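# Chains, contacts and geometry: an overview
Chain by chain, the residues run as shown.
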Amino acid sequence: MDRNHLKHQVLNMRRSLFDQLEELKDDANPNFVEEIVTLFYTDSARLIQNIEQALVNKPIDFVRLDDMLHQFKGSSSSIGAKKVKEACTQFGEYISAENAEGCTRALQLIKQEYAVLRRKLETYFQVYRWRDNLDKLRLHICSDLHKEPSGLAICEN
């Protein structure tokens, strides 16, 4: 992959995922977004497990289930996970109707959308790190070329 293709890929992914979070990172904390997403993964795994357990326990405590879903929906929304949030909304409708079977089906959809999101985010961070490493290598090579001009055009855009 060439550098322009990588830039294009990263820009397309950024447009579709958590642009507002990206704007919050700075030189003092360049891994801010990755840290936030890692916290999201940890909280999400815990909440999904707790929701699964709540659906197994009889009788189902729909109030507690709604509280956990509300937490998960909020954290999903805060990182821009639109499809996960939409699946949570559907799950919430089944909770309101106290429909255990519907809740179980909705949880499967949430888990599916969460898995898709996680794969996309992991790809995003891999591409971003790769591009960042290429940029650092380019700066290093350009710095060396300025010390010993060799006539190579490697530093040109």
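All of these numbers come straight from a predicted model, not from anything done at the bench.

The subject of this paragraph is the packing of helix H3 (residues 32-56) against helix H4 (residues 62-78). In contact at an axis separation of 10 Å, H3 and H4 are set at 155° when each is read in the N-to-C sense. It follows from the interaxial angle that H3 and H4 lie roughly antiparallel. Taken as a pair, H3 and H4 cross one another with a handedness that is left-handed. Between H3 and H4, the contacting residues are Phe40, Ser44, Leu47, Ile48, Asn50, Ile51, Ala54 and Leu55 on the first element and Arg64, Leu65, Met68, Leu69, Gln71, Phe72, Ser75 and Ser76 on the second. Grouping the constituent residues of the contact of H3 with H4 by class yields 10 nonpolar, five polar and one charged.

So, about a positive patch on the surface. On the surface, a cluster of positive charge is made up of Lys82, Lys83, Lys85 and Lys120. At three residues, helix H5 (residues 82-96) tops the list of elements feeding residues into the positive patch. Looking at the secondary structure, you find lysine 85 in helix H5. Assessed through its relative accessible area of 35%, lysine 85 is described here as partly exposed.

What counts as what
- Residues numbered from 1 in each chain as written.
- Predicted model: local features only at pLDDT ≥ 70, side-chain atom pairs only at ≥ 80, totals over all residues.
- Heavy atoms only, no water.
- Axes fitted to C-alpha atoms, helices over the stretch in contact; angles between N-to-C directions.
- Helix = DSSP H or I, 4+ residues; strand = E, 2+ residues; numbered from the N terminus.
- Parallel < 35°, antiparallel > 145°, perpendicular 65-115°, else oblique.
- Left-handed = near helix turned anticlockwise from the far one by under 90°.
- Contact = heavy atoms within 4.5 Å.
- Nonpolar A, V, L, I, M, F, W, Y, C, P; charged D, E, K, R; others polar.
- Patch = residues over 30% accessible without salt bridge, like charges linked within 9 Å, V, L, I, M, F, W, Y side chains within 5 Å.
- Areas by Shrake-Rupley, 256 points an atom, 1.4 Å probe, with all protein chains shown as cover.
- Salt bridge = Lys/Arg side-chain N within 4 Å of Asp/Glu carboxyl O.
- Lys, Arg positive; Asp, Glu negative; His and termini not counted.
- Charge placed at Lys NZ, Arg CZ, Asp CG, Glu CD.
- Buried < 20%, exposed > 50% of the residue type's maximum accessible area, 1.4 Å probe, protein only.

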